[in-house]
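Geometric and topological summary
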Amino acid sequence: MNIKGMDFTSVPSARKPITCVQAGLRGKVLSIGDALRLEDFSGFECVLDSRGPWIAGIDFPFGQSRRLVTNLRWPTSWEAYVGQVSSLSRDAFVRLLEDYKENRAPGDREHFRVVDRLARSKSPQKLYGVPVAKMFFEGAKRLLASPVSVVPLRPTSDARIVVEAYPALVVRRFIDRRSYKNDSRAKQTAALTVARRAIVEGLGSDQLRRDYGFEMRFSAKQAEQWIADATGDLLDSVLCTVQAAWAWTQRNHAYGIPENADPLEGWIADPGLLPQAGDCAACDKGHHPQRMV
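Once a new chain begins, its residue numbering starts again from 1 and follows that chain's sequence as written. Thresholds applied to this predicted model are a pLDDT of at least 70 for local features of residues and 80 or more for the giving and counting of side-chain atom pairs; totals over whole chains, interfaces and linings are not thresholded and use all residues. Side-chain metrics rest on all non-hydrogen atoms present in the structure, leaving aside hydrogens and water.

Before going further, it helps to examine the pairing of strand β2 (residues 18–26). Pairing between two strands requires that DSSP report at least two bridges joining them. A run of H or I in DSSP counts as a helix once it spans at least four residues, and a run of E counts as a strand once it spans at least two, with each numbered from the N terminus. Alignment of strand β1 (residues 2–7) against β2, held across 6 bridges, turns out to be antiparallel. Bridge pairing in β2 places K4 opposite Q22. Pairing between β2 and strand β3 (residues 29–38): 8 bridges, direction antiparallel. Looking across to β3, one finds that L25 is bridged to L30. Between the antiparallel neighbours β2 and β3 lie 2 residues, among them G27 with a positive phi of about 60 degrees.

Listed below in structure tokens is the structure:
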């Protein structure tokens, strides 16, 4: 299967492109190929329109929380509310989220999806720092306008499949929550380089095979390129291929997506989000979806 991994940005440019790594999964071997630099959204749209079959893992939140959708009285289907968001300008969308937060109590201003709580990822309403809300605004509407099957939000029979990725889940297996990247040149330290090297070593380890069910093949030159990229964009794209490839191995089991994943919110493709044996008590307390595929 052809695999793609994409590190997304809400403002692609020559300096900060959307990075797309291409790979191939044959049996239990994921081989990493070339990387593309998509310097504008037209490049991203061309990848989505490219001939299949393929599966891509893309690093941005595909949906918003059910709570936000309900409170804003948006339509109660992903296609419909993303269509409504698409009718807004970027500035109008930002104002909408800012106005929503203005009179709410602290701690109740930016909501999390179920999967964000499990993955310890940021709220898809977050506008600043890592502006994942702006990434949602720019990315989700382009997924909606494309022919791809968006799992689990708009699953179709199309041979081009997209799943939400979150590279941090792969990273934490090898360096826990240590930092490994920074866009600011002044903050690109030797310690971050050491962390990236540890991640790359982890990608060639038995742990990756145990957790994801396949091994990765890449050249020493590729590894050094991933380590040398202090922004982490190349490495994050590679990590997205890992999650996309794992989702493909789970294609007969809903791509590893819980049976009761919220169709308004979406899900991140990663085996670490599936409960282990003995987690039923946690499920009953609402910490996990109650039933997994």
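A separate point is the packing of helix α7 (residues 168–175) against helix α8 (residues 190–203). The angle between two axes is taken between their N-to-C directions and runs from 0 to 180 degrees, where each axis is a line fitted to C-alpha atoms and a helix contributes only its stretch in contact. In the contact formed by α7 and α8, the axes pass within 9 Å of each other and the chain directions differ by 95 degrees. The angle between α7 and α8 places the two elements in the roughly perpendicular class. Here V170, V171, F174 and I175 of α7 come into contact with α8, specifically with A195, A198, I199, G202 and L203. Under the convention adopted here, Pro, Cys and the residues Ala, Val, Leu, Ile, Met, Phe, Trp and Tyr are nonpolar, Asp, Glu, Lys and Arg are charged, and Gly plus all remaining residues are polar. Residue classes in the contact of α7 with α8 are distributed as 8 nonpolar, 1 polar and no charged. Roughly parallel covers angles under 35 degrees, roughly antiparallel covers those over 145, roughly perpendicular covers 65 to 115, and oblique covers all other angles. Contacts: residue pairs with any heavy atoms within 4.5 Å of one another.

This part takes up the pattern of salt bridges. Note on definitions: salt bridges are taken to be side-chain nitrogens of Lys or Arg within 4 Å of carboxyl oxygens of Asp or Glu. For the coordinates displayed, the defined rule picks out 19 salt bridges. Of the charged contacts, one joins E164 and R113 as a salt bridge, the two residues approaching to 2.8 Å between their closest N and O atoms. With a gap of 51 residues between them, E164 in strand β6 (residues 160–164) and R113 in the loop between α4 (90–102) and α5 (114–119) connect regions that are remote in the sequence. Grouping residues by exposure puts E164 and R113 together as buried. Where R160 meets D158, a salt bridge forms, and the shortest distance between an N and an O atom there is 2.9 Å. Judged by its relative accessible area of 21%, D158 falls in the partly exposed class. Here the residues in one salt-bridge network are E45, R90, E138, K141 and R142, joined through shared partners. Only protein chains enter the area calculation, which uses a 1.4 Å probe; residues under 20% of their type maximum are buried, those over 50% are exposed, and those in between are partly exposed.

Mapped onto the secondary structure, T19 falls in strand β2. When residues no more than four places from it in sequence are discounted, the contact partners of T19 are G5, M6, D7, L36, D233, L234 and S237.

So, on to the sheet that holds strand β7 (residues 215–217). Here we have 7 strands laid out as an open sheet, ordered β5-β6-β4-β1-β2-β3-β7, and mixed in their pairing. The open sheet has two edge strands, β5 (149–150) and β7, and neither has a second partner. Across 5 bridges, strand β4 (residues 54–59) lies against β6 in parallel orientation. The residue bridging I58 from the neighbouring strand is E164, located in β6. Across the sheet, helix α1 (residues 41–49) is in contact with β1, β2, β3, β4 and β6; its angle to β4 comes to roughly 145 degrees.

For the rest of this paragraph, the subject is the nonpolar core. We define the nonpolar core as a collection of buried residues of types Ala, Val, Leu, Ile, Met, Phe, Trp, Tyr and Cys that are connected through side-chain atoms lying within 4.5 Å of one another. Counting residues in hydrophobic clusters, the biggest one holds 49 residues, and the most contacted among them are L30 and L203. With 10 residues, helix α11 (residues 233–249) is the largest single contributor of residues to this core. Apart from the residues lying within four places of it in its own chain, the contact partners of L203 are V170, F174, L208, M216, F218, W226, L235, V238, L239 and V242. Listed in part, the 38 residues of the second largest apolar core include F8, L38, V132 and A140.

Working definition: a disulfide is two cysteine sulfur atoms within 2.5 Å of each other. Evaluation of the coordinates by the stated rule reveals 0 disulfides. Here C20 stays free of any disulfide, with the sulfur of C240 as its closest cysteine sulfur at 9.8 Å. Residue C46 stays outside any disulfide, its sulfur separated by 12 Å from that of C20, the closest cysteine.

For any two helices packed against each other, one specifies the inter-axial angle together with the distance between the axes. Look at α8 against α11: their axes get within 12 Å of each other, and the N-to-C directions meet at 25 degrees. Looking at the two axes, α8 sits roughly parallel to α11. Relative to α11, the crossing made by α8 is left-handed. For the pair α8 and α11, contact is made by R196, I199, V200 and L203 and by L235, V238, L239 and V242, respectively. Residue composition of the contact of α8 with α11, by class: 7 nonpolar, no polar and 1 charged. By definition, turning the near helix anticlockwise from the far helix through less than a right angle yields a left-handed crossing, and turning it clockwise yields a right-handed one.

Both the distance between ring centres and the angle between the ring planes are used here to describe each pair of aromatic rings. Ring geometry is summarised as follows: Phe, Tyr and Trp rings, the Trp one being its six-membered ring, pair when their centres sit within 6.5 Å, and such pairs are stacked at plane angles under 30 degrees, edge-to-face over 60 and tilted between the two. Tallied over the full model, the rule gives 9 aromatic pairs. Ring centres of F8 and F41 lie 6.1 Å apart, and the angle between their planes is 35 degrees; on these two criteria the pair is classed as tilted. Remark: F41 occurs in helix α1 and F8 occurs in the loop between β1 and β2; sequence separation between them is 33 residues. Considering the side-chain rings of F93 and F137, the 5.1 Å spacing of their centres and the 20 degrees angle between planes classify their relative orientation as stacked. On the criterion of sequence distance, the pair formed by F93 in helix α4 and F137 in helix α6 (residues 132–145) is long-range, its members being 44 residues apart. Using a relative accessible area of 2% as the deciding quantity, one classes F137 as buried. Grouping aromatic residues by their ring pairs yields a cluster made of F8, F41, F44, F60 and F62. Positioned above the aromatic ring of F41 is the side chain of R142, whose terminal nitrogen or guanidinium carbon lies 3.9 Å from the ring centre. Only when the NZ of Lys or the CZ of Arg is both within 6 Å of the ring centre and within 35 degrees of the ring normal is a charge said to sit over the ring.

Coordinates in, geometry out; function isn't part of it.
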